[in-house]
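Descriptive structure summary
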Amino acid sequence: MRLFFAAEPGAAARAAFAACLSRLQAPDADVKWNEAPHLTLAFLGEQPEARLPAAKAAAGRTAASARPFDATLSAPGVFRDRGRPRVLWLGVSAPALPELARSLRAELARDGFAPETQPFSPHLTAGRVRTARGLPETLAELERLAGDARAPWRDVPFPVREFSLFESRLGPDGASHAELARFPLGAA
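Residues numbered from 1 in each chain as written. Predicted model: local features only at pLDDT ≥ 70, side-chain atom pairs only at ≥ 80, totals over all residues. Heavy atoms only, no water.

Some points on the overall build of the protein
- Regarding its fold elements, the protein presents four helices and nine strands.
- Counting helices and strands in the order they occur from the N terminus, the protein gives β-α-β-β-α-β-β-α-β-α-β-β-β.
- Relative to a compact globule of 188 residues, whose C-alpha radius of gyration would be 16 Å, the protein shows 17 Å and is just as compact.
- Structurally, the protein occupies a C-alpha span of about 45 × 35 × 25 Å along its principal axes.
- Taking the contacts inside the protein whose residues are at least 6 apart along the sequence as the reference set, 76% of them involve residues at least 24 apart.
- With an accessible surface of roughly 9600 Å², the protein has 53% of that area assigned to carbon and sulfur atoms.
- Averaging the locations of the 24 positively and 21 negatively charged side chains of the protein gives two centres separated by 2 Å. (Helix = DSSP H or I, 4+ residues; strand = E, 2+ residues; numbered from the N terminus. Rg over C-alpha atoms; globule rule 2.2 N^0.38 Å. Contact = heavy atoms within 4.5 Å. Areas by Shrake-Rupley, 256 points an atom, 1.4 Å probe, with all protein chains shown as cover. Lys, Arg positive; Asp, Glu negative; His and termini not counted. Charge placed at Lys NZ, Arg CZ, Asp CG, Glu CD.)

The structure is reproduced here in structure tokens:
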């Protein structure tokens, strides 16, 4: 089972994300666009099914000690690998987000899950770059959008009241995500 924990944006944030995505989608860009955004808090990777109870217990402890908060969408950006763009994203900001991710990752490590090697960078993945075809136009539009302080997705709030455990399933059309459990924040 390929597992991860994530919070899902509300309806207004999903609509704003879709508006941003529509601006980035150059017709000939070889990018796998993401139509179902989520805010990844911790990635566990491949795990045996027998580890599910431990993952759920760690998440339950984290959620019980956290409080609900609001996040906002921010400027788009790109993650690079050896200088080559690989992931296009829309930023997310909230003072409580890094602490929630840190706490969850610490609880998971306490229960024997391998610690994350990537630093936490709150974002909604817009697309994964497959090849350089159409990329210059897409990156130019991303730069325009990043500099637009009045973009309709800037500062769109969404409540973070819970997070979920998901299983990522790879199929012929790419990955799909199945929710396995929800963890309301502050539910002691």
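Notes on the packing of helix H1 (residues 11-24) against helix H4 (residues 135-146)
- Interhelical geometry of H1 versus H4 gives an angle of 135° and a closest axis separation of 9 Å. Accordingly, the angle class assigned to the pair H1 and H4 is oblique. Facing H1, whose interface residues are Cys20, Arg23 and Leu24, H4 presents Thr138, Glu141, Leu142 and Leu145.
- Considering only residue class, the contact of H1 with H4 consists of four nonpolar, one polar and two charged. (Axes fitted to C-alpha atoms, helices over the stretch in contact; angles between N-to-C directions. Parallel < 35°, antiparallel > 145°, perpendicular 65-115°, else oblique. Nonpolar A, V, L, I, M, F, W, Y, C, P; charged D, E, K, R; others polar.)

Some remarks on the packing of helix H2 (residues 52-65) against helix H3 (residues 96-110)
- Two numbers describe how H2 lies on H3: the axes approach to 9 Å, and their chain directions differ by 140°. The pairing of H2 with H3 is recorded here as oblique in orientation. As for the relative orientation of H2 and H3, their crossing is right-handed in sense. Only Leu100, Ser103, Leu104, Glu107, Leu108 and Arg110 of H3 make contact with H2, whose side of the interface consists of Ala55, Ala58, Ala59, Arg61 and Thr62.
- Classifying every residue of the contact of H2 with H3 gives six nonpolar, two polar and three charged. (Left-handed = near helix turned anticlockwise from the far one by under 90°.)

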